[in-house]
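Analysis of the macromolecular model
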Amino acid sequence: MLSKKMLKALNKQIQEELYSGYLYLAMSAYLSDQNLNGFATWMRMQAREEDSHAMKIYQYIIEHNGQPLVPELQKPPRDFKGAADIFKQALDHERHITACINDLVDLAQKEKDKATESFLQWFVDEQVEEENQVVEVIKQLNIVKDDGPGLWMLDQEMGQRTFTPLPGIENRMV
Ligand code: OFO
C-alpha cells in the first residue's frame, strides 16, 4: 500500500516522464525539419523510452492499489539552435530527471517504503545510462563541429538506434 505522499510523488514522476517524451518528440520534429533524419530517429526512440518509463510507474501504482493520474502536459519548445543545442538541453533535462528520481528515493526511505525504494533502483541505474549516452553524443558532436561530411556520417550512425520495449510494459507510442 502506497502512502498518500508516495502516491502523489509517483504520479508527479509520471508527468515528468511523459513530458520528457513530449520534449524529445519536439526535438525529433525539429531535427527532421533540419534534414538530420538520423538524429531525429534517435530522439524519437528516446521519446518512446520515456513513454515506457511513465508506463512502468503507471503500472506499479496500479499493482499497489493506487490510481495513476494522467497529467496535463506543458507545451514543449519548437525552436532550437541545431543538434549541439538540442543535446545540451537534453543533458540538462536528464540531470533534472536524475534529481527527481533521487528525491523519490529519499521519500521512499523516509516513508519506510522498501518496495518502492527497490522499484526505484531501476530508475537510478537507468539515469546513469541515459546521462552517459547523451554525453557521448555531445562528445561526438564536439569532434565533428561544422564539418558537413562528419555530421552526415554521425547522422547515419544515430539513425541506427532502435527501440526495445521494456518487459511487460505497454507502450502507447508507435
Ligand atoms: Fe530520460 O529519463 Fe526517463 O527515467
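Placed above this text is the structure.
The structure contained in this document is the topic of the report that follows. Within every chain, residues take consecutive numbers counted from 1 along the sequence as written. Under the rules for a predicted model, residues below a pLDDT of 70 receive no local features and side-chain atom pairs below 80 are neither given nor counted, while totals for whole chains, interfaces and linings still include all residues. Heavy atoms throughout the structure, all of them, feed into the side-chain values; hydrogens and water do not.

Quick notes on the overall build of the protein chain
- Helix numbers and strand numbers start at the N terminus; a helix is a DSSP run of H or I with at least 4 residues, a strand a run of E with at least 2. If you tally the helices and strands in the protein chain, you get five helices and zero strands.
- The linear arrangement of helices and strands in the protein chain, starting from the amino end, is α-α-α-α-α.
- Radius of gyration: C-alpha atoms only; globule rule: 2.2 Å multiplied by the number of residues to the exponent 0.38. For the protein chain, the C-alpha radius of gyration of 17 Å lies close to 16 Å, the compact-globule estimate for 174 residues.
- The principal-axis extents of the C-alpha atoms in the protein chain amount to approximately 55 × 30 × 25 Å.
- For the exposure calls, accessible area comes from a 1.4 Å probe over protein chains only, and a residue counts as buried if that area is under 20% of its type's maximum, exposed if over 50%, partly exposed in between. Looking at the 174 residues of the protein chain, the share that counts as buried comes to 48%.
- We call two residues in contact whenever any of their non-hydrogen atoms come within 4.5 Å of each other. Sequence-distant contacts, at least 24 apart, represent 82% of the contacts inside the protein chain between residues at least 6 apart.
- Just so you have it, the protein chain exposes about 9900 Å², and 53% of that area is on carbon and sulfur atoms.
- Positive charges come from Lys and Arg alone, negative charges from Asp and Glu alone, with His and the N- and C-terminal ends not counted. Charge positions are represented by NZ for Lys, CZ for Arg, CG for Asp and CD for Glu. In the protein chain, the 19 positive side-chain charges and the 28 negative ones have mean positions that sit 6 Å from each other. Per-residue and other accessible areas were derived by the Shrake-Rupley procedure at a 1.4 Å probe size, with only the shown protein chains allowed to occlude residues.

A few points about the nonpolar core
- Residues Leu31, Phe39, Met43, Ile86, Phe87 and Leu141 are the most contacted members of the largest nonpolar core, which totals 24 residues.
- Within the residue set of this core, elements represented by two or more residues are helix 1 (4-33), helix 2 (37-63), helix 3 (83-110), helix 4 (114-144) and helix 5 (148-158).
- A total of six residues in this core trace back to one element, the largest contributor, which is helix 1.
- In this structure, Ile86 is in contact with Met27, Tyr30, Leu31, Met43 and Phe80, ignoring residues within four places of it in sequence.
- The term nonpolar core refers to a set of buried residues drawn from Ala, Val, Leu, Ile, Met, Phe, Trp, Tyr and Cys, joined through side-chain atoms within 4.5 Å. Formed by 19 residues, the second largest nonpolar core is a distinct cluster that contains Leu10, Ile57, Ile97 and Val105.

What to know about the packing of helix 3 against helix 4
- Put simply, helix 3 and helix 4 touch, their axes get as near as 9 Å, and they point 165° apart. Considering their axes alone, helix 3 and helix 4 lie roughly antiparallel with respect to each other. The hand of the helix 3/helix 4 crossing is left-handed.
- In this count, Pro and Cys sit with the nonpolar residues alongside Ala, Val, Leu, Ile, Met, Phe, Trp and Tyr, while Asp, Glu, Lys and Arg are called charged and the others, Gly among them, polar. Split by residue class, the contact of helix 3 with helix 4 holds 18 nonpolar, four polar and six charged. In this analysis, axes come from line fits to C-alpha atoms, helices being fitted only over the stretch in contact, and the angle between any two N-to-C directions falls in the range 0 to 180 degrees. Note that the term roughly parallel is reserved for angles under 35 degrees, roughly antiparallel for angles over 145, roughly perpendicular for angles of 65 to 115, and oblique for everything else. Crossings are sorted by hand: turned counterclockwise from the far helix by less than a right angle, the near helix makes the crossing left-handed, and turned clockwise it makes it right-handed.

Thoughts on the environment of Ala40
- Note that Ala40 resides in helix 2.
- Residue class for Ala40 comes out buried when judged on its relative accessible area of 4%.
- Expressed as a C-alpha distance, the spacing of Ala40 and Gly159, which sit 119 residues apart in the sequence, is 7.6 Å.
- Every residue in contact with Ala40, bar those within four places of it in the chain, is listed here: Ser28, Leu31 and Ser32.

As for helix 2
- To estimate the expected span of a helix, count its residues, drop one, and scale the result by 1.5 Å. A rise of 1.5 Å per residue sets the reference length of helix 2, with its 27 residues, at 39 Å; its end C-alpha atoms lie 39 Å apart and thus fit the reference within 8%.
- One or two steps after helix 2, the chain reaches Asn65, where phi turns positive at roughly 60°.

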